[in-house]
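# Commentary on secondary and tertiary structure
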Amino acid sequence: MREVVQEMFEDAVRHHQAGRLVEAGQLLRMILMVERRHADSLHLLGLIAYEGGHYVIAVELIGQAIRIRKDNPFYYYNLGNALKAQGKIDDAVAGYKRALVLKPDYAEAHNNLGIILNEQGKRDDAVAHYERALALMPDLVYTHNNLANTLVEQGRIDDAVAHYERALVLKPDYADAHNNLGIALVAQGRIDDAVAHYERALILNSNNADAHNNLGAVLKDRGRIDDAMAHYDRSITINPDHADAWNNRGIVLAEMGKVDDATAHYERAIAINPDHAEAQCNLGRSEERR
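Cut-offs applied
Residues numbered from 1 in each chain as written. Predicted model: local features only at pLDDT ≥ 70, side-chain atom pairs only at ≥ 80, totals over all residues. Heavy atoms only, no water. Salt bridge = Lys/Arg side-chain N within 4 Å of Asp/Glu carboxyl O. Helix = DSSP H or I, 4+ residues; strand = E, 2+ residues; numbered from the N terminus. Patch = residues over 30% accessible without salt bridge, like charges linked within 9 Å, V, L, I, M, F, W, Y side chains within 5 Å. Areas by Shrake-Rupley, 256 points an atom, 1.4 Å probe, with all protein chains shown as cover. Lys, Arg positive; Asp, Glu negative; His and termini not counted. Charge placed at Lys NZ, Arg CZ, Asp CG, Glu CD. Expected span 1.5 Å × (residues − 1). Buried < 20%, exposed > 50% of the residue type's maximum accessible area, 1.4 Å probe, protein only. Contact = heavy atoms within 4.5 Å.

This next bit is on the pattern of salt bridges. Two side chains that carry opposite charge are able to pair once their charged atoms sit near each other. Tallied over the full model, the rule gives 16 salt bridges. Between Arg166 and Asp139 there is a salt bridge; the shortest N-O distance is 3.1 Å. Here Arg166 is found in helix α10 (residues 157-170), whereas its partner Asp139 is found in the loop between α8 (123-136) and α9 (141-153), with 27 residues between them in sequence. One continuous salt-bridge network, built from bridges that share partners, spans Asp40, Arg69 and Asp71.

With that out of the way, let us pick up a negative patch on the surface. Together, Asp176, Asp210, Asp244 and Glu278 give the surface a local cluster of negative charge. By secondary structure assignment, the location of Glu278 is in helix α17 (residues 277-289).

Attention now moves to helix α11 (residues 175-187). Counted at 1.5 Å a residue, the expected span for α11 with its 13 residues is 18 Å, and the 19 Å between its end C-alpha atoms agrees. When we look at burial in α11, the residues that qualify are Ala175, Ala177, His178, Asn179, Asn180, Leu181, Gly182, Ala184 and Leu185. Packing partners of the buried residues in α11 comprise α9, α10, α12 (191-204) and α13 (209-221). A positive backbone phi angle near 80 degrees is found at Gly189, which sits one or two residues after α11.

Below you can see the structure in the form of structure tokens.
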């Protein structure tokens with residue numbers, strides 16, 4: 001019976017890897033009817049639930065797997081992912097850290113822990129985990145991008161550019177990395193190069209609201225107001241809660257003398273992001289002119 005169960009599980013893994021999640025789930029449930037404490041099946045069923053957006057179920061199933069086998073780092077890693085998706089950040093951190101205790105060379109766990117640490121403002125710690133991940137797996141393309149984002153926040157623009165460029169060597173069609181590299185290039189004063197990367201990001205993903213907004217800002221500075229407004233409009237259409245695009249569009253309206261419209265845009269940006277300092281300053285100046 002054990003051999004039959006193992007064969008069924010291997011078939012389930014193959015279905016999962018091929019994206020046949022229904023078939024994989026059916027096999028896993030059949031296994032659990034025979035062997036209800038089959039930890040790998042519980043874990044994989046939880047992973048399928050996570051991939052389907054059923055995070056509560058994922059946490060429960062992977063938790064059951066962990067209670068049966070407490071020494072599997074992959075279980076804790078995927079538990080961390082599901083907990084993060086639920087917004088249970090401290091628990092997610094604990095999951096990633098436990099995975100790293102069991103498997104210190106787990107590059108993906110270093111990367112995902114770095115993401116949370118960066119979101120918490122612990123940028124030095126995030127950088128350390130990203131760098132550890134890349135020391136273990138130098139071609140982790142998303143880690144290069146994540147590290148570069150944190151380096152930009154630290155003001156280490158040249159280092160960030162190097163990592164964005166490495167990410168794009170590994171994955172030339174990485175739209176977000178093109179957009180992010182454009183931001184760093186603007187900081188370096190390399191505007192033509194930045195425009196080229198923003199445009200490339202939009203060729204790859206025409207619904208990239210950030211790239212539309214960023215390209216709009218560069219075009220506005222070059223006096224191409226109509227083009228800039230078109231990109232701001234597109235950004236807001238894609239993401240009505242894009243505070244930067246509302247603020248930037250307001251700046252153009254203010255310069256056109258449309259103070260009331262500009263004020264409404266700044267207020268919209270602040271409603272979306274109450275901590276948007278630039279929009280608050282712009283709103284203050286706008287109200288002084290009314």
